[in-house]
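A closer look at the structure
If you want the building blocks of each chain, they are given just below.
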Amino acid sequence: MSAIGVEAFGICKRFGTFQALSDVSMKVHPGSVHGLLGENGAGKSTLVKCLLGYYRADEGSLLVDSKEAVIERPADADALGLGMVYQHFTLVPSMTVAENLVMARRNVPGIIDWKSESAALEEFMRGMPFKVPLHVPTGSLAAGERQKTEIVKQLYLRRQFLVLDEPTSVLTPQEADEMLGLIRGLAHSGQLTIVIITHKLKEVAKFVDEVTVLRRGRFAGAGSVRYLGPTELTAMMIGEAHEPAEPERLGEPSDEIQLQVRDLRTAADGGRAGLSIAELTVRAREIVGIAGVSGNGQKTLVEVLGGQQPIESGSVDVGGIPYDASREQAQARHVRVLPEEPLRNGCVPNMTVVDNLALRSFDRDAAGTQRGWLDLAGMAARAREMIAAYGIRAPSPQAPIGVLSGGNVQRCVLARELDGDVKLLIVANPCFGLDVKAVAETRARIMAARNAGTAVLLISEDLDEIMELSDRIAVMHGGQVVHQMPAAGADPQEIGRHMLGHE
Amino acid sequence: MSDATYPARRTLEALLAPLLALMAASALFSVFLLVQGQSPLDFLDLTWRGAFGSWFSWQNTLQRAAPLLLTALCVALPGQLGLVVIGGEAAVVLGGLAATVVALPFVQMGPVIVLPVMALAGMAMGGLWIGLTGYLRARLGVNETIASLVLAYIGLAIFNHLVEGVFRDPASLNKPSTYGIGDDNMLGSIPFLEVHPGIPVGIAACILCWVLIYRTSLGFAGRVAGGNTKAAQLQGLPVARLAVGACVLGGACAGLAGGIEVAAEYGRANASLAAGYGYTGILIAFLARFNPLAIVPMAVLLGGLGAAGGLLQRRMGLPDATVQVLQGMILVAILASETFYGRVRWFQPRGAA
């Protein structure tokens, strides 16, 4: 098994009248780690899907291993040894690693002789740079191990060219470093060519040999990482120089406690342990960041604070009084929530932008008293103000919010949730899936709210984001807050150890 | 940046999709007729004449449309909350039975007492019945479509059991019925027009429901809960109570339809009440995309189709079930037309980044 190179020339792809790719070329040398960079919607996924036969390019040609190749369906890519590891896991959770591997093969016999298959798999595993347990259901593996299993699966399928889509988004810093190091080793030993789709420039600098950058469906640049620093890459990605300005932190946290969680427990959900948080406080003008590997109770914590999940015992106090997350209490105590994936969790996709901007306020008039009739003119007027203030780009205020781009949906939710006096703001993965500018804007808004005196609880899987925004960091593992520390001078490696549950 | 005609195009899309579905169903049905050696044009002509050709056929059409307006609301109101409730038939028959039985002690007091009692009893019974479905859904997570369907069978069985048992008038020999409310207490037709009295009630109910859904905070909260439960929970809206409330209100409409049918048509509760109004209401609500105002024309359309059934039977020798075949084709076409939305580029917003 040896690495193969892939070259794409002049790839064009249209969806209806939307030009997803125009005249894009990419050259991936055999045995290299190639970074494919670009903002959301730049066409990265479309390009690799054309390579792998999920889409057919309208124009352009492909060279695989220096030979012209026609890839019309995934089976063609498969036969050429091209494969992909998706961002979302594609393993069957209830089946063991061995079963998942055998099942993925093209020529699975009607009756499987598990004894000989097992022996063959053991033999195969001995040659692997990383070990995964063969006879454990993949559902019980940690995220890092599942990611490794996905890669092992591709190697088992004898891929010589592998695309990894945002491979480290679910890993701790240690796991990410380890995984990318191993991948790099495989590539440089000439077994495999790797394309990594990513937006983490630190990883690019550390593990990638060459990059191709796309912008709005066009080729924006390429070259060796030795000559391209983060500033040049960012400029290529967004088309202009962009200084990643850190939002300014003004003033010290006050002594006034806004959110206090004590001895909080929730019921276990399926195989996952429930929450068990001894103490967590957020003060006014303070951002407390919750770090943790995905699936360690962060989602449950947001659901409890957002009123989507009941608590079993313990207390949640807001402003010193018990809080039940009902609409009355949320309105009276000015508690707001920025959920992750705002379109799925915080908006009604079929309702208009105006309606969605009014979700917090439709049943109250300016004086805060309940109203039975909708104030349609008032709703439209407030929506116009918010659209102007937050630069929301929508085809019409009466368009359903579902047709807006991710960044504009996020702006709508920010406008709605940060409207007026906000005492406590709960934020979950606010920048997931946003482009560079929208990320900077969102973080600046959160910081501005903090500076104005809002207590912010920030739950994020992006450790860099937590380090950048937080005043204090709490680490969650297995439903518990296992460690708390001030953000100033915090060591990512140490946080990573706590994220994995090590002392 | 802005796309001024987008809201208008969106409305047009919402009008065109069901229209195309109706045309597709008609085409399919034409094939069905041609296979049997019948002319689709004759069918269209006879349907038109049987449904809307004369004032007499209009009366016939409206008489059938009256209960349909209310049974469609029984699907559309929960539908706005994201629930597909298909058990309106039981709410109609049980509502009709409750209206009759509760009114019986008052028959001596005249229509001024009897009719309001009937309306209230019918609505209470229907609301209770569909509300039970909503409760099962909201509190116990039981699939509301299955629950309402199974409860419809149970409701019809209870209805038959009671009408043939404790509530039976021994004088009703061939067709077991309850005691009558008396001719003096019955609802007459509207003077001059000779139109079924359920029509103004049904239209008023549709308008009221439209106002409730699109103009009040409560309706807004309901639409949020129906559009995205997670978002509604995050806003602290009482999702479960809204769902149960919509079911109760929808059931009350269907129960009222049963009460009106008894008061205007039969004078007593018997198997005639189970005429499939609850099921046709499902079709109408989907055709109207759960918009109460759109229910009005759709109910008239389907009422007309039903009214033309007799004429078709006599002239073309087609069995009664032919109209049901067409109804079924329309329902399938409507459900399939949901995939039409967002497919045609021209209707989509322009200029957005």
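Right, let's walk through the structure included here. (Residues numbered from 1 in each chain as written. Chains lettered and ligands numbered in written order. Predicted model: local features only at pLDDT ≥ 70, side-chain atom pairs only at ≥ 80, totals over all residues. Heavy atoms only, no water.)

1. Examining helix H3 (residues 55–80) of chain B
At 3.6 residues per turn, the α-helix brings residues three or four places apart onto the same side. Residue and element names in this part refer to chain B. Going by this rule: Numbering of helices and strands starts at the N terminus; helices are DSSP runs of H or I of at least 4 residues and strands are runs of E of at least 2. Every helix has an expected span of 1.5 Å times one less than the residues it contains. Here the bend at each residue means the angle between axes fitted to two seven-residue stretches, the one ending at that residue and the one beginning there. Here the term buried applies to any residue with accessible area under 20% of the maximum for its type, exposed to any over 50%, and partly exposed to those in between, with areas from a 1.4 Å probe on protein chains only.
Over its 26 residues, H3 runs 35 Å from end to end, which matches the ideal 38 Å to within 8%, given 1.5 Å per residue. Taking the largest bend as the criterion, H3 deviates by roughly 30°, centred on Ala 65, and proline Pro 67 comes between one and four positions later. Burial analysis of H3 places 20 of its 26 residues in the buried class, the great majority of the element. Count one or two residues on from H3 and you reach Gly 82, which has phi positive near 80°.

2. Some words on the nonpolar core
Rule in force here: Here, nonpolar core refers to any group of buried Ala, Val, Leu, Ile, Met, Phe, Trp, Tyr and Cys residues whose side-chain atoms link them within 4.5 Å. In this analysis, two residues are considered to be in contact whenever any of their non-hydrogen atoms come within 4.5 Å of each other.
In this structure, A:Ile473 and A:Ile495 are the most contacted members of the largest nonpolar core, which totals 86 residues. With near-sequence residues (within four places) excluded, A:Ile495 lies in contact with A:Ala291, A:Leu463, A:Met467, A:Ile473, A:Val475, A:Met485 and A:Ala490. If you look at the next biggest cluster of nonpolar residues, it comprises 58 residues, including B:Leu70, B:Val75, B:Ala205 and B:Val300.

3. Some details on the side chain of A:Asn451
Residue and element names in this part refer to chain A. Residue placement: Asn 451 occurs in helix H15 (residues 436–451). For Asn 451, a relative accessible area of 19% puts it in the buried group. Beyond its immediate chain neighbours, meaning those up to four positions away, Asn 451 contacts Glu 248, Arg 249, Leu 250 and Arg 285.

4. Some points on the sheet that holds strand S5 (residues 67–69) of chain A
Residue and element names in this part refer to chain A. The test is simple: We treat two strands as partners when DSSP finds at least two bridges between them. Here an angle of 0 to 180 degrees is reported between the N-to-C directions of two axes, which are lines fitted to C-alpha atoms, with helices fitted over the stretch in contact.
Judged by pairing direction, the sheet is antiparallel, and its four strands sit side by side in the order S2-S1-S4-S5 without closing on themselves. Edge positions in the open sheet fall to strand S2 (18–28) and S5, since each of these has one partner strand only. For this sheet, the mean inter-axis angle between neighbouring strands, taken without regard to orientation, is 30°. Both strand S1 (residues 6–15) and S2 contribute to a ladder of seven bridges, which runs antiparallel. Opposite Lys 13, over in S2, you have Leu 21 as the bridge partner.

5. Focus: the sheet that holds strand S12 (residues 276–283) of chain A
Each strand in a sheet pairs with its neighbour through backbone hydrogen bonds, running either in the same direction (parallel) or in the opposite one (antiparallel). Residue and element names in this part refer to chain A. If you walk across this open sheet you meet the four strands as S12-S11-S14-S15, and the pairing is antiparallel. Strands with a single pairing partner mark the edges of an open sheet, and in this sheet they are S12 and strand S15 (321–322). Where helix H9 (residues 298–305) meets the sheet, it contacts strand S11 (257–265), S12 and strand S14 (313–318), and its direction lies at approximately 120° from that of S11.

6. Overview of the side chain of A:Arg333
Residue and element names in this part refer to chain A. Stated precisely, the cut-off is as follows: In this tally, Asp and Glu contribute negative charge and Lys and Arg positive charge; neither His nor the terminal groups of the chain are included. Here, a salt bridge means any Lys or Arg side-chain nitrogen found within 4 Å of an Asp or Glu carboxyl oxygen. Identification of polar contacts relies on pairs of N or O atoms within 3.5 Å, with a donor-acceptor requirement for protein atoms, meaning one able to donate a hydrogen and the other able to accept it, and with residues adjacent in sequence counted only if both atoms are side-chain atoms.
Mapping Arg 333 onto the fold places it in helix H10 (residues 327–333). Buried within the structure, Arg 333 lacks any salt-bridge partner; its nearest side chain of opposite charge belongs to Asp 324, at an N-O separation of 6.6 Å. Engagement of the side chain of Arg 333 in a polar contact is seen with the backbone oxygen of Ile 321, the distance being 3.2 Å. A polar side-chain atom of Arg 333 sits 3.1 Å from the main-chain carbonyl oxygen of Pro 322. Setting aside residues up to four positions removed in sequence, Arg 333 forms contacts with Val 318, Ile 321, Pro 322, Tyr 323 and Lys 423.

7. Notes on the packing of helix H3 (residues 97–104) of chain A against helix H5 (residues 143–156) of chain A
Residues and elements named next belong to chain A. Our working rule: By definition in this entry, angles of less than 35 degrees are roughly parallel, angles greater than 145 are roughly antiparallel, angles of 65 to 115 are roughly perpendicular, and the rest are oblique. Crossing handedness follows the turn of the near helix against the far one: under a right angle anticlockwise gives a left-handed crossing, and clockwise gives a right-handed one.
Look at H3 against H5: their axes get within 10 Å of each other, and the N-to-C directions meet at 40°. By the angle between their axes, H3 is oblique relative to H5. Where H3 crosses over H5, the two elements pack in a sense that is right-handed. Only Thr 149, Val 152, Lys 153 and Tyr 156 of H5 make contact with H3, whose side of the interface consists of Val 97, Asn 100, Leu 101, Val 102 and Ala 104.

8. Comments concerning the packing of H3(B) against helix H12 (residues 292–316) of chain B
Residue and element names in this part refer to chain B. Selection criterion: Note that Gly is not counted as nonpolar here; it falls among the polar residues with everything else outside the nonpolar set of Ala, Val, Leu, Ile, Met, Phe, Trp, Tyr, Cys and Pro and the charged set of Asp, Glu, Lys and Arg.
The interhelical angle for the contact between H3 and H12, taken along N-to-C directions, is 135°, at an axis separation of 7 Å. Looking at the two axes, H3 sits oblique to H12. Here the hand of the crossing between H3 and H12 comes out right-handed. On the side of H3, the interface is formed by Trp 58, Asn 60, Thr 61, Leu 62, Arg 64, Ala 65, Leu 68, Leu 69, Ala 72, Leu 73 and Ala 76, while H12 contributes Pro 292, Ile 295, Val 296, Ala 299, Val 300, Leu 302, Gly 303, Gly 304, Gly 306 and Ala 307. A breakdown of the residues in the contact of H3 with H12 according to their chemical character gives 15 nonpolar, five polar and one charged.

9. Here's the deal with the interface of chain B and chain A
Rule in force here: Buried area is understood as the total, over both parts, of accessible area removed when two parts are fitted together, assessed with a 1.4 Å probe.
Facing 30 residues of chain B, the contacting portion of chain A comprises 40 residues. At the boundary of chain B with chain A, total buried surface from both sides reaches about 2,900 Å², with 60% on carbon and sulfur atoms. For the chain B face of the interface with chain A, the top three residues by lost area are B:Phe220, B:Leu234 and B:Gln235, together amounting to 26%. The tally of links between chain B and chain A comes to one salt bridge. In this structure, B:Arg223 engages A:Asp355 in a salt bridge whose closest nitrogen and oxygen atoms are separated by 3.9 Å. Applying the counting criterion to the chain B and chain A interface returns ten residue pairs in polar contact (both at pLDDT 80 or more). Listing elements by their share of the side of chain B that touches chain A, those giving two or more residues are helix H1 (6–35), helix H7 (198–215), helix H8 (217–227) and helix H9 (229–234) of chain B. Top contributing element to the side of chain B that touches chain A by residue count: H8(B), with seven residues. Class assignment of the residues belonging to the side of chain B that touches chain A gives a composition of 15 nonpolar, eight polar and seven charged.

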